[in-house]
Amino acid sequence: MEMSPEQDAVKSAALTIALNTIENDSSEHVLLNMMQRLIAFSDRIIDKAENNDEDPRIECSCGCSYCCHMQVKVTPPECFLIFAYILETFSAQEIERLKQRIDHNRDLTEDRSFHERVLLKRETLCIFLTDHVCDIYHARPLICRAWHSLNRKGCKQAFLSDNSDSEIETAPLRNYVLGMIREAIHDVCVEKDWEYDTYELPFALFSCFHHSNPMQNWLQHHPPFEKL
């Protein structure tokens, strides 16, 4: 699909940031630094654009968590950023609680259809949701950064309806910018021959906790997440 000049410019700038980081950063945290710089770049674009009165008003706010009952998928770079954030900021007790949440979520969702998962959503809230607040907000997945509703009442109605076909009007700018960031990450992974796929977040984190140094394993061109 042909991109507009604006899309091409955002993706080109994101690719430049990613490749410059990889080429000039010799630390073991090069991948994490790349992701942090790409996220900061996207934040600058979004903040600048949304600080005018022309864009539709986003109705998401702290404490609103209707969308935090969906099963989110992440790519390896996103998962490694989240895992690093967990190891840096979570206490031993919080990590143990997270592991219990991961097991509970996987037991209820894996091998179930999308419709079945919708019916179970009240029992399968995000593993990082505590009192309607995200425990990893600063390291949250790209899909969570992109998803911002323009109709909070619509989110509530969709959640209460248990209708798997419900649609919510979301902020197009965020979807577009984060979409270009995802494409840039994909292109870098392909160029470096790093496996690029999406994995359900609970499964990916379970694998991180049960394998030694999963990020380095992935950088050495091995499969990042394997079932035990």
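About the criteria used
Residues numbered from 1 in each chain as written. Predicted model: local features only at pLDDT ≥ 70, side-chain atom pairs only at ≥ 80, totals over all residues. Heavy atoms only, no water. Helix = DSSP H or I, 4+ residues; strand = E, 2+ residues; numbered from the N terminus. Expected span 1.5 Å × (residues − 1). Buried < 20%, exposed > 50% of the residue type's maximum accessible area, 1.4 Å probe, protein only. Arc of directions from axis to C-beta. Contact = heavy atoms within 4.5 Å. Disulfide = S-S within 2.5 Å. Salt bridge = Lys/Arg side-chain N within 4 Å of Asp/Glu carboxyl O. Phe/Tyr/Trp six-rings, centres within 6.5 Å; stacked < 30°, edge-to-face > 60°. Lys NZ or Arg CZ within 6 Å of the ring centre and 35° of its normal. Axes fitted to C-alpha atoms, helices over the stretch in contact; angles between N-to-C directions. Parallel < 35°, antiparallel > 145°, perpendicular 65-115°, else oblique. Left-handed = near helix turned anticlockwise from the far one by under 90°. Nonpolar A, V, L, I, M, F, W, Y, C, P; charged D, E, K, R; others polar.

Colleague: So what's going on with helix α4 (residues 92-109)? Which residues, and what values?
Modeller: A rise of 1.5 Å per residue sets the reference length of α4, with its 18 residues, at 26 Å; its end C-alpha atoms lie 26 Å apart and thus fit the reference within 8%. Those residues of α4 not exposed but buried are I95, L98, I102, N105, R106, L108 and T109. Angular distribution of buried residues about the axis of α4 spans 160°; they occupy a single face of the element. Of the exposed residues in α4, the ones pointing more than 90 degrees away from its buried face are A92, Q93, Q100 and D107. Its buried side turned inward, α4 meets α3 (76-89), α5 (114-119) and α9 (201-210).

Colleague: With reference to specific residues and values, describe the state of the cysteines.
Modeller: All chains considered together, the criterion is met by zero disulfides. Unpaired in this structure, C79 has its nearest cysteine sulfur neighbour in C208, at a distance of 3.8 Å. Residue class for C79 comes out buried when judged on its relative accessible area of 0%.

Colleague: Residue-level account of the pattern of salt bridges, with values.
Modeller: Under the criterion given, the structure shown has six salt bridges. Here R97 and D135 are joined by a salt bridge, their closest N and O atoms 3.7 Å apart. With R97 in helix α4 and D135 in the loop between β3 (133-134) and α6 (142-146), the pair connects residues that are 38 residues apart, well separated along the chain. Taking relative accessible area as the criterion, D135 reaches 23% and is therefore assigned partly exposed. Linked through salt bridges whose partners overlap, the residues forming this network are K11, E183 and D187.

Colleague: Describe α9, listing the residues and the values that go with them.
Modeller: Structurally, the α-helix is built with 3.6 residues per turn, so residues lying three or four positions apart point the same way. Summarising burial for α9: nine of the 10 residues are buried, a large majority. Of the residues making up α9, those classed as buried are L201, P202, F203, A204, L205, F206, S207, C208 and F209.

Colleague: Now, about the packing of aromatic side chains: what can you tell me, with residues and values included?
Modeller: This model, assessed by the stated rule, comprises seven aromatic pairs. Aromatic pair F83 and F209: ring centres 5.1 Å apart, planes at 85°, arrangement edge-to-face. With F83 in helix α3 and F209 in helix α9, this residue pair connects regions lying 126 residues apart in the sequence. Of the two residues, F83 and F209, both sit in the buried class. Cluster of aromatic residues (ring-pair linked, three or more members): F80, W194, Y199, F203, W218 and F225. The cationic tip of R106 hangs over the ring face of F206; the distance from NZ or CZ to the ring centre is 4.5 Å. The side chain of R140 reaches across the aromatic face of Y137, ending 3.8 Å from its centre.

Colleague: Can you explain the packing of α4 against α9? Please cite residues and give values.
Modeller: At a minimum axis separation of 9 Å, α4 and α9 run at an interaxial angle of 130°. Between α4 and α9, the crossing angle belongs to the class labelled oblique. In this structure, α4 crosses over α9, and the sense of that crossing is left-handed. Contact with α4, carried on its side by I95, L98, K99, I102, D103, N105 and R106, involves P202, F203, L205, F206 and F209 of α9 and no other residues of that element. Split into classes, the residues belonging to the contact of α4 with α9 amount to eight nonpolar, one polar and three charged.

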